[in-house]
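Survey of secondary and tertiary structure
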Amino acid sequence: MYETERKDLIDQLKRKGISNQNVLDAMIKVERHLFVPDIMKQHAYDDVALPIGYGQTISQPYTVAFMTQSLDPQPGQKILEIGTGSGYQAAILCKLGTRVFTIERNDKLYNSAFKIFDELGLRIAARCSDGSIGWDEFAPYDGIIVTAGSPGIPKNLMKQLAIGGKMVIPVGDRSIQILKIITKTSDEEFNTNEIPYFAFVPLVGREGWKEK
Ligand code: SAH
């Protein structure tokens, strides 16, 4: 279903500057309409963020593509995602051949993402907890992708990133953020690229925002 719409969306992403063919291929394979509520399905292939309930959103396809392209994950790498939400971003990472670990703090969203991973036969390790402190058990990760806006760079996530690994994280205030692409060069050092401006729902947790 929606094959034409999906192809059109991918063409749009190309026109907007997404050039990594692996990312585009993964986005052709993953059916975004399966990750949104029924009443949103008709908009699943518009390049916009959509509500998924509980005040949360599935990110805009361009944002997913841009973040994934920035992370540039290679097959077999271990990737940690903070903010599973609908599960769409995790599914894209999985299709890229990475070993995906994903954390969601909302138990309802966690349960529905878990269910869809199972239905689609996606082997993804998922957990319901505060992702701002990471997932120590499987560290270090070759890549970390945070899909909620954070007030700063959580120190545990930095610690759990492998040397040579990359973290993509939106940092800013509650409504607008700069996307930081951080490469860890040693235990003490890292390089950062910054791309303005993005708008994510807040990362809420011990090393994120306080609950309102
Ligand atoms: N990657 C998601 C985007 C979800 S929006 C997708 O593809 O659909 C961000 C998600 O981060 C929300 O579901 C929100 O509940 C979750 N979140 C916010 N703070 C969190 C935290 N500290 N730990 C884990 N998840 C968190």
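So, a few notes on the structure that sits alongside this text. (Residues numbered from 1 in each chain as written. Predicted model: local features only at pLDDT ≥ 70, side-chain atom pairs only at ≥ 80, totals over all residues. Heavy atoms only, no water.)

Let us look at the site of the ligand. Looking at the ligand, there are 26 residues lining it, with Glu81, Ser86, Glu104, Gly131 and Val204 nearest. At 3.1 Å from an oxygen atom of the ligand is found a main-chain nitrogen or oxygen belonging to Gln89. Within the backbone of Gly131, an N or O atom sits 2.8 Å from a nitrogen atom of the ligand. Computed on the free molecule, the ligand has an accessible area of 590 Å², of which 99% lies beneath the protein chains in the complex. Its residues assigned to classes, the shell around the ligand comprises 10 nonpolar, 12 polar and 4 charged. (Near = heavy atom within 4 Å. Polar contact = N/O pair within 3.5 Å; in protein donor to acceptor, adjacent residues only side chain to side chain. Areas by Shrake-Rupley, 256 points an atom, 1.4 Å probe, with all protein chains shown as cover. Nonpolar A, V, L, I, M, F, W, Y, C, P; charged D, E, K, R; others polar.)

Another point: helix H2 (residues 21–29). If you check which residues of H2 are buried, you get Val23, Leu24, Ala26 and Met27. Down the axis of H2, the smallest arc covering the buried residues is 160°, so these residues share one side. Buried-residue contacts for H2 involve helix H1 (3–15), helix H3 (61–71) and helix H4 (88–95). Between the side-chain oxygen at the start of H2 and the backbone nitrogen of Asn22 there is a gap of 2.9 Å, and the oxygen is on Asn20. (Buried < 20%, exposed > 50% of the residue type's maximum accessible area, 1.4 Å probe, protein only. Helix = DSSP H or I, 4+ residues; strand = E, 2+ residues; numbered from the N terminus. Arc of directions from axis to C-beta. Contact = heavy atoms within 4.5 Å.)

When you line up the elements, Arg174 lands in the loop between strand S7 (161–172) and strand S8 (177–184). Take Arg174: its relative accessible area is 26%, and that puts it in the partly exposed class. Remark: the alpha-carbon pair of Arg174 and Trp209, spanning 35 residues in sequence, is separated by 8.2 Å. Contacts of Arg174, omitting those with residues within four sequence positions, involve Phe200, Pro202, Trp209, Lys210 and Lys212. A polar contact of 2.7 Å, which involves the side chain of Arg174, links it to the backbone oxygen of Lys210.

Moving on, we get to the packing of H1 against H2. Contact geometry for H1 and H2: axes closest at 9 Å, N-to-C directions at 160°. Viewed along their axes, H1 and H2 adopt a mutual orientation that is roughly antiparallel. Considering only the axes of H1 and H2, their crossing is right-handed. Judged by residue contacts, Arg6, Lys7, Ile10, Leu13 and Lys14 of H1 engage Leu24, Met27 and Ile28 from H2. Across the contact of H1 with H2, the residue classes break down as 5 nonpolar, no polar and 3 charged. (Axes fitted to C-alpha atoms, helices over the stretch in contact; angles between N-to-C directions. Parallel < 35°, antiparallel > 145°, perpendicular 65-115°, else oblique. Left-handed = near helix turned anticlockwise from the far one by under 90°.)

Ranked by size, the top nonpolar core spans 44 residues in total, and within it Leu13, Met27, Tyr88, Ile92 and Phe117 carry the most contacts. Examining the composition of this core, we find that 6 residues originate from one element, H4, more than from any other. Ranked by size, the runner-up nonpolar core spans 17 residues in total, among them Leu80, Ala148, Met158 and Leu161. (Core = buried A, V, L, I, M, F, W, Y, C linked by side-chain atoms within 4.5 Å.)

Bringing the sheet that holds strand S4 (residues 99–104) into the picture now. Taken together, 7 strands build an open sheet; the order of strands is S5-S4-S3-S6-S7-S8-S9 and the sheet is mixed. The open sheet is flanked by strand S5 (124–128) and strand S9 (190–198), the only strands paired with a single partner. Put simply, the sheet's adjacent strands are angled 15° from each other on average, direction ignored. Where S4 lies against S5, 5 bridges are found, and the strand directions are parallel. Bridge pairing links Glu104 to Cys128 in S5. Sitting on the sheet, H3 is in contact with strand S3 (78–82), strand S6 (141–146), S7, S8 and S9, with an inclination near 150° to S7. Lying on the sheet, helix H5 (residues 107–119) is in contact with S4 and S5; it crosses S5 at an angle near 165°. (Pairing = 2+ DSSP bridges.)

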